[in-house]
Protein chains: 2
Amino acid sequence: MAEYEQMLTANEEWARNFAGELPVRPRRAVAVVACMDSRMPLFPLLGLAVGDAHVIRNAGGVVTEDTIRSLTISQHLLGTREIVLVHHTDCGLQKTDDTAFADLVEQATGHRPPWPAQAFTDVDEDVRESIRRLRASPYLLSREICGTVYDVATGRLREVAAEG
Amino acid sequence: MAEYEQMLTANEEWARNFAGELPVRPRRAVAVVACMDSRMPLFPLLGLAVGDAHVIRNAGGVVTEDTIRSLTISQHLLGTREIVLVHHTDCGLQKTDDTAFADLVEQATGHRPPWPAQAFTDVDEDVRESIRRLRASPYLLSREICGTVYDVATGRLREVAAEG
């Protein structure tokens, strides 16, 4: 059975216990921007209930043009204001660099990506770089931002910087 | 108390019950691409355990250059192959269009976004458009793709298309 078939089957259980429809606007008016890492189930990890917060995730949890697009929609259309960044220890993007990654993809596929992988070495500095990118965007309505790092060895979230 | 402070407090409970470190590579070799909507806690909704799958989320769950960047890293560096798309009913992006959204942001901030909101009307067609974009990318190693729509009124996930 393919993974998606297992997910469709598992969803039947979720639907049987479904608590009912909620509004489209996040109740706590907050958007979380986090890495795609499989070890971070953000709802229990951050104490979020269904309907509380937007959750934006990509490789690294970095701020790209698409992150800004999502946050601009989140703030202008759906009323969120606070932004919480969640990067983490032992990230896949700390195990490569942008040139080595482009080489790897080109060797495997014959095509060299024109975009950078967004690899990094220092996770705290990567959080601060994401905050700088958010502050530089002219499209957001709010710059209440907190940057955190999640330790995948202990389950503990640590604040790196907060402002706004 | 700011939202992030509540999350840091809630995380203390998570860390106290932390089950231990897991490998960086997703156990089920699958990446989920979903909308940022606050009503979709993907781990219980899809039956995912901690460590099972990468989770990529943005406004709409659409396939952008950043989605391709994340999936390319997921497949080349961290061994995933299957891709599962999760769009949903009652999406914020069905309540606007790209021009109206750019107008809204320009009126509020004085700056007109150069990128499209990626608004849509037909959610099934939006899933199929995301699948076409994945198939058109030369950087992925696998095109095992399933597209689904989640009904926020019932909690039920419905398959739209599967291939690969």
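Note that the structure is predicted; figures quoted are calculated from it, not measured. (Residues numbered from 1 in each chain as written. Chains lettered and ligands numbered in written order. Predicted model: local features only at pLDDT ≥ 70, side-chain atom pairs only at ≥ 80, totals over all residues. Heavy atoms only, no water.)

Draft legend 1. Up close: the overall build of chain A. Helix and strand counts for chain A come out as five helices and five strands. The secondary structure elements of chain A, listed N-terminal to C-terminal, are α-β-α-β-α-β-α-α-β-β. With respect to the principal axes defined by its C-alpha atoms, chain A has extents near 50 × 50 × 35 Å. By residue count, 58% of the 164 residues in chain A fall in the buried class. Residue pairs in contact within chain A that sit at least 24 positions apart in sequence constitute 62% of those at least 6 positions apart. Within chain A, the 24 negative side-chain charges are centred at a point lying 6 Å from the centre of the 17 positive side-chain charges. (Helix = DSSP H or I, 4+ residues; strand = E, 2+ residues; numbered from the N terminus. Buried < 20%, exposed > 50% of the residue type's maximum accessible area, 1.4 Å probe, protein only. Contact = heavy atoms within 4.5 Å. Lys, Arg positive; Asp, Glu negative; His and termini not counted. Charge placed at Lys NZ, Arg CZ, Asp CG, Glu CD.)

Draft legend 2. The packing of aromatic side chains, seen in detail. For the structure shown, the criterion picks out two aromatic pairs over all chains. Plain terms: the ring middles of Trp115(A) and Tyr139(B) are 5.6 Å apart, the flat faces sit at 85° to each other, and that makes the pair edge-to-face. Here Tyr139(B) lies in the loop between α5 (123–136) and β4 (145–150) and Trp115(A) lies in the loop between α4 (98–109) and α5 (123–136), a pairing that spans two chains. A relative accessible area of 13% means that Tyr139(B) is categorised as buried. (Phe/Tyr/Trp six-rings, centres within 6.5 Å; stacked < 30°, edge-to-face > 60°.)

Draft legend 3. Layout of α5(A). Residues and elements named next belong to chain A. Over its 14 residues, α5 runs 20 Å from end to end, which matches the ideal 20 Å to within 8%, given 1.5 Å per residue. Turning to α5, its buried residues are Val123, Asp124, Asp126, Val127, Ser130, Ile131 and Leu134. Within α5, the buried residues cover an arc of 165° as seen down the axis, which keeps them to one side. For α5, the N-terminal capping position is held by Asp122, with its side-chain oxygen 2.9 Å away from the main-chain nitrogen of Asp124. (Expected span 1.5 Å × (residues − 1). Arc of directions from axis to C-beta. Polar contact = N/O pair within 3.5 Å; in protein donor to acceptor, adjacent residues only side chain to side chain.)

Draft legend 4. Summary view of the packing of helix α3 (residues 65–76) of chain A against helix α4 (residues 98–109) of chain B. Their axes nearest at 11 Å, the elements α3(A) and α4(B) cross at an angle of 75°. One finds that α3(A) runs roughly perpendicular with respect to α4(B). Together, Thr72(A), Ile73(A) and His76(A) of α3(A) and Phe101(B), Leu104(B), Val105(B), Ala108(B) and Thr109(B) of α4(B) make up the contact between the two elements. In the contact of α3(A) with α4(B), the residues fall into five nonpolar, three polar and no charged. (Axes fitted to C-alpha atoms, helices over the stretch in contact; angles between N-to-C directions. Parallel < 35°, antiparallel > 145°, perpendicular 65-115°, else oblique. Nonpolar A, V, L, I, M, F, W, Y, C, P; charged D, E, K, R; others polar.)

Draft legend 5. Region of interest: unusual backbone geometry. Residues and elements named next belong to chain A. The phi dihedral of Ala29 falls on the positive side, at around 55°, and the residue is not glycine. Tracing the chain through its elements places Ala29 in the loop between α1 (3–16) and β1 (30–35). In this structure, Asp90 is a non-glycine residue whose phi angle is positive, near 55°.

Draft legend 6. Up close: the UniProt feature "binding site: Zn(2+)" (unreviewed entry) in chain A. Residue and element names in this part refer to chain A. Mapped onto this structure's residue numbering, the UniProt feature "binding site: Zn(2+)" (unreviewed entry) falls at Cys35, Asp37, His88 and Cys91. Spatial clustering of the annotated residues is evident: they stretch over 57 residues in sequence, but the largest pairwise C-alpha distance comes to 8.5 Å. The residue Cys35 is located in strand β1 in this model. Residue classification places Cys35 among the buried positions, given a relative accessible area of 4%. In contact with Cys35, not counting residues within four places along its chain, are Met40, Arg57, Asn58, Ala59, Gly60, Gly61, Val86, His88 and Cys91. (UniProt positions renumbered as here; feature names shortened; annotations may be inferred.)

Draft legend 7. Representation of the side chain of Thr80(B). Residues and elements named next belong to chain B. Considering the arrangement of structural elements, one finds Thr80 in the loop between α3 (65–76) and β3 (82–88). In this structure Thr80 comes out as buried when scored by relative accessible area, which is 0%. A polar contact is formed between the side chain of Thr80 and the side chain of Ser74, at a distance of 2.6 Å. Apart from the residues within four sequence positions on either side, Thr80 is in contact with Pro26, Ala29, Val30, Ala31, His54, Ser74 and Gln75.

Draft legend 8. Up close: helix α1 (residues 3–16) of chain B. Its 14 residues give α1(B) an end-to-end C-alpha distance of 21 Å, which sits within 8% of 20 Å, the value for a rise of 1.5 Å per residue. Along α1(B), the residues that are buried comprise Glu3(B), Tyr4(B), Met7(B), Leu8(B), Asn11(B), Trp14(B) and Ala15(B). When α1(B) is viewed along its axis, its buried side chains cluster within an angular range of 135° and face the same direction. Those residues of α1(B) that are buried lie in contact with β1, α2 (42–46), β3 (82–88), β4 (145–150) and β5 (157–163) of chain A.

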